[in-house]
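Structure assessment
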Amino acid sequence: MTPTAGLGFKPIFIDEAIAAPAAGLWFEIHPENYMVDGGPRLAMLRALREARPLSFHGVGLSLAGAAEPDRAHLARLKRLVDEYRPMLVSEHLAWSREGTTCFPDLLPFPRTLEALLRIARNIDIVQNALGRQILIENPSLYVQLDGHDFAETDFLRQLVRKTGCRLLVDVNNVAVSANNLGFDPYRYLDALPADAIGEIHLAGHRPDPEHGDALLIDSHDAPVSEQVWALYDDLLDRIGPVPTLIERDGNLPPFAELMEERERAAALMRTPRKQVRYA
Amino acid sequence: MPDLATFQLAFASAMGGSRTRGTLEGQPGFAVYRNTTPVALAETLRANYPVVAELIGDALFAETAFEYARHHPANDPVLLGYGPAFPAFLAEQEWIADLPYLPDVAAIERLRTEAHMAADAPALDFADLARLGTEHWQNLRLRPHPAARIAWLSTPALTIWRAHHETPDFETLAPDWRAEGVLVSRPAGVLQVLELNAPAHRLICGLRLGETAGQASAATASTYPESDIASAFATLVNAGALARPQSLERN
């Protein structure tokens with residue numbers, strides 16, 4: 001089976017997920033939600049894995065932290081990766097640990113040369129431990145930080161060059177950050193190294209309740225916006241079809257509705273592109 | 001530009017603070033970072049303690065959960081087991097005098113969380129026992145199953161928990177004020193919560209401490225002369241609360 005468009009997996013949809021007949025369907029999970037010793041969660045993951053390819057999208061490695069990735073956490077990830085053999089393993093260009101405190105969040109940092117070297121080292125540690133390539137996802141950003149030495153796209157390009165990792169492009173994150181920080185999302189996507197993009201995320205966002213459209217929140221609780229669909233279509237013009245995920249974490253609609261959104265992505269992936277611009 | 005470690009430390013401390021000036025904290029978007037962690041931790045507590053949340057209502061639960069999150073930051077990116085100290089934290093709240101059973105209800109929910117995440121292992125079943133003569137099983141050292149959790153609660157928290165968890169009509173609930181034993185286990189992979197009477201509780205506690213089946217049965221019979229040891233034992237086996245000893249592994 002060639003993976004086409006996938007869905008972020010939610011346990012309440014387990015029966016429908018296993019029964020879904022769509023060609024090329026796959027599911028993405030957060031491995032942190034399955035780091036248990038045993039029991040029904042792992043039994044569910046096993047059943048899902050028997051039915052469909054999986055992608056592991058980690059949230060806990062804190063790759064953009066000054067410290068090296070937590071070895072115990074990495075060992076748990078490796079056990080899951082070895083047992084469930086996901087087709088893709090990804091993490092975020094963000095940090096989430098400071099000392100012994102873990103933040104269930106994806107936090108920003110100044111893109112300095114020092115940060116580049118530390119993050120490249122952290123990605124090396126992870127890829128060596130897992131014995132496979134990982135993909136790095138661009139973050140949603142909410143504040144302007146001082147002291148960047150690199151544009152985010154250059155920073156990602158450098159990480160690809162230094163570590164041999166690939167990129168997970170979250171088009172909604174691009175739209176959200178572009179809105180919040182004031183840059184052109186099309187130019188951002190154009191600046192990414194096309195041949196390094198191994199996965200795409202599409203999700204919904206919402207305006208901040210207090211600040212409105214000036215501050216968009218990457219909330220994953222709404223359908224993918226038309227602006228993000230347009231950016232996605234444009235990105236596919238340039239790079240051709242790449243496994244694409246619909247992420248939805250809140251305000252969950254019926255499974256069938258998520259599958260319709262997923263089918264829209266699959267249809268765009270099938271659309272013949274006249275001018276696939278490689279570079 | 002400060003180095004990455006210094007930046008992180010300052011950012012983390014700004015998230016925990018209330019300053020709203022400064023080039024970082026003054027930006028509207030900084031509130032997104034400031035709110036995400038406490039909201040995520042409070043939501044995890046709500047998922048792990050749903051009956052406590054129902055008993056005290058959304059507003060008080062949210063306030064208490066934020067306070068807990070402030071005192072107990074996560075130290076693991078895996079949040080599934082977050083909040084082990086929440087029952088004890090509830091017991092320290094000023095308003096707890098009106099709800100003396102609440103920490104025990106929370107304790108039951110914590111046992112369920114632990115049982116849910118525990119390792120898999122074969123459970124002792126009646127076929128195992130049938131293959132053993134009485135003499136042999138008397139000498140067996142049985143251990144609780146990795147997913148079995150037991151507690152002896154001084155309030156009727158199990159009755160209260162069950163009324164909320166299983167039947168939404170709890171207005172008429174008037175439990176006898178008595179201590180209750182609780183057994184949480186995972187027979188055939190499905191989480192189950194049972195009331196454990198005193199003899200069955202004594203029996204599994206003895207086994208957990210390393211008594212043989214014979215010793216635990218004799219001690220239980222001597223403490224509770226009226227008790228039916230066979231029935232207490234059957235309760236534990238039916239609940240999948242005992243692990244199958246390696247000596248009984250079937251090929």
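All figures in this text were calculated on a predicted structure; none of them were measured in a lab. (Residues numbered from 1 in each chain as written. Chains lettered and ligands numbered in written order. Predicted model: local features only at pLDDT ≥ 70, side-chain atom pairs only at ≥ 80, totals over all residues.)

Some details on the overall build of chain B
To keep it simple, the criterion reads: Put simply, DSSP marks the helices as runs of H or I at least four residues long and the strands as runs of E at least two long, and each gets a number from the N terminus on. We take the radius of gyration over the C-alpha atoms and set the globule estimate at 2.2 Å times the residue count to the 0.38 power. To sort residues by exposure, count the other C-beta atoms lying within 10 Å of each residue's C-beta; 20 or more gives buried, 12 or fewer gives exposed, and values between give partly exposed, all with C-beta atoms placed from the backbone. The contact rule is simple: place each C-beta atom from the backbone, and if two of them lie within 7 Å, those residues are in contact.
Summing up its helical and strand segments, chain B has 11 helices and 3 strands in all. Taken against the 2.2 N^0.38 rule, which gives 18 Å for 251 residues, the C-alpha radius of gyration of chain B at 23 Å runs more than 25% over that of a compact globule. Its C-alpha atoms give chain B principal-axis dimensions of roughly 75 × 50 × 25 Å. Taking all 251 residues of chain B together, the buried fraction comes to 38%. The long-range fraction of contacts in chain B, counting pairs at least 24 apart against all pairs at least 6 apart in sequence, stands at 67%.

A closer look at the interface of chain B and chain A
The condition is simple: Three categories are distinguished: nonpolar for Ala, Val, Leu, Ile, Met, Phe, Trp, Tyr, Cys and Pro, charged for Asp, Glu, Lys and Arg, and polar for the others, with Gly belonging to the last.
Contacts between chain B and chain A engage 37 residues on the former and 39 residues on the latter. Those elements that provide at least two residues to the side of chain B that touches chain A are helix H1 (4-16), helix H2 (30-48) and helix H5 (102-117) of chain B. For the side of chain B that touches chain A, the class distribution of residues is 24 nonpolar, 9 polar and 4 charged.

Concerning the packing of H5(B) against helix H8 (residues 157-166) of chain B
All names here are of chain B. We count it as follows: Lines are fitted to the C-alpha atoms to define the axes, a helix being fitted only along its stretch in contact, and any angle between axes, read from their N-to-C directions, falls within 0 to 180 degrees. An angle below 35 degrees is treated as roughly parallel, one above 145 as roughly antiparallel, one from 65 to 115 as roughly perpendicular, and anything else as oblique. Crossings are sorted by hand: turned counterclockwise from the far helix by less than a right angle, the near helix makes the crossing left-handed, and turned clockwise it makes it right-handed.
Contact pair H5 / H8: the axes reach a minimum separation of 9 Å and the direction vectors enclose 65 degrees. Viewed along their axes, H5 and H8 adopt a mutual orientation that is roughly perpendicular. Once H5 is placed against H8, the crossing between them reads as right-handed. Contact with H5, carried on its side by Asp 104, Val 105 and Ile 108, involves Ala 157, Leu 158, Ile 160 and Trp 161 of H8 and no other residues of that element. Of the residues belonging to the contact of H5 with H8, the class tally is 6 nonpolar, no polar and 1 charged.

A few points about H2(B)
We apply this condition: Helix span, expected: 1.5 Å multiplied by one less than the number of residues in the helix. In this analysis the local bend is the angle between axes fitted, respectively, to the seven residues ending at and the seven residues starting at the residue.
The end-to-end C-alpha distance of H2(B) is 28 Å, a good match for the 27 Å that 19 residues give at a rise of 1.5 Å each. Along H2(B), the sharpest change in direction is near 30 degrees and occurs at B:Thr36; proline B:Pro38 comes one to four residues later. If you check which residues of H2(B) are buried, you get B:Phe30, B:Val32, B:Tyr33, B:Thr37, B:Pro38, B:Leu41, B:Ala42, B:Leu45 and B:Asn48. Close packing links the buried residues of H2(B) with strand E6 (101-107) and strand E11 (212-217) of chain A together with H1, helix H3 (50-71), helix H4 (86-91) and H5 of chain B.

Here we look at the domain arrangement of chain B
Residue and element names in this part refer to chain B. Our working rule: What fixes the domain bounds is an automatic or database domain assignment.
One can read the domain layout of chain B as domain 1 (1-99) and domain 2 (117-251). With centres defined by C-alpha atoms, the gap from domain 1 to domain 2 works out at 36 Å. With 5 residues of domain 1 in contact, the opposing surface of domain 2 contributes 4 residues. By residue class, the composition of the side of domain 1 that touches domain 2 is 3 nonpolar, 1 polar and 1 charged.

Details of the sheet that holds strand E12 (residues 244-247) of chain A
Residues and elements named next belong to chain A. This is how it is decided: Strands pair, by our definition, only if DSSP identifies at least two bridges between them.
The 8 strands lie next to each other as E1-E2-E3-E4-E7-E8-E9-E12, forming a closed barrel whose pairing is parallel. Within this sheet the neighbouring strands show an average axis-to-axis angle of 25 degrees, counted without direction. One ladder, built from 3 bridges, connects strand E2 (residues 26-29) with strand E3 (residues 54-57); its direction is parallel. What sits directly across from Ile 29, in E3, is Phe 56.

Quick notes on the pairing of strand E4 (residues 88-92) of chain A
Residues and elements named next belong to chain A. Note the following rule: The crossover handedness rule: strands pointing away from the viewer, path from first strand over the helix to second strand clockwise, crossover right-handed.
Across the 5 residues of E4, 5 count as buried, placing the element largely inside the fold. In E4, alternate side chains face the same way, and those of Leu 88, Ser 90 and His 92 on one face and Val 89 and Glu 91 on the other are all buried. With respect to chirality, the unit in which E3 leads through helix H3 (residues 71-84) into the neighbouring parallel E4 is right-handed. Where E4 lies against strand E7 (residues 135-137), 3 bridges are found, and the strand directions are parallel. Paired with Ser 90 across the bridge in E7 is Leu 135.

Digging into the environment of B:Pro100
The residue B:Pro100 is located in the loop between H4 and H5 in this model. For B:Pro100 and B:Ser154, which are 54 residues apart along the polypeptide, the C-alpha to C-alpha distance reads 9.9 Å.

Notes on helix H2 (residues 40-51) of chain A
All names here are of chain A. We count it as follows: Here the arc refers to the directions that run from the helix axis out to each C-beta atom.
In this model H2 runs 17 Å from its N-terminal to its C-terminal C-alpha over 12 residues, within 8% of the 16 Å that 1.5 Å per residue would give. Three or more residues of H2 are buried, namely Leu 42, Leu 45 and Leu 48. Projected down its long axis, H2 carries its buried residues within an arc of 120 degrees, all on one side. Summarising the geometry of H2, the exposed residues directed more than 90 degrees from the buried face are Ala 43 and Glu 50.

Some thoughts on the packing of helix H4 (residues 113-130) of chain A against helix H5 (residues 152-163) of chain A
Residue and element names in this part refer to chain A. Contact pair H4 / H5: the axes reach a minimum separation of 10 Å and the direction vectors enclose 45 degrees. In terms of axis orientation, H4 runs oblique to H5. Every pair of crossing elements has a handedness; the one defined by H4 and H5 is right-handed. From H4, Leu 116, Ile 119, Ala 120, Ile 123, Asp 124 and Gln 127 reach across to H5, where they touch Phe 155, Gln 158, Leu 159, Lys 162 and Thr 163.

Comments concerning unusual backbone geometry
In the Ramachandran plot, A:His220 falls in the positive-phi region, its phi being about 55 degrees despite a non-glycine side chain. Along the chain, the position of A:His220 falls in the loop between E11 and helix H8 (226-239). Backbone geometry places B:Ala188, a non-glycine residue, at a positive phi of 50 degrees. Tracing the sequence through the fold places B:Ala188 in the loop between strand E2 (180-185) and strand E3 (192-196).

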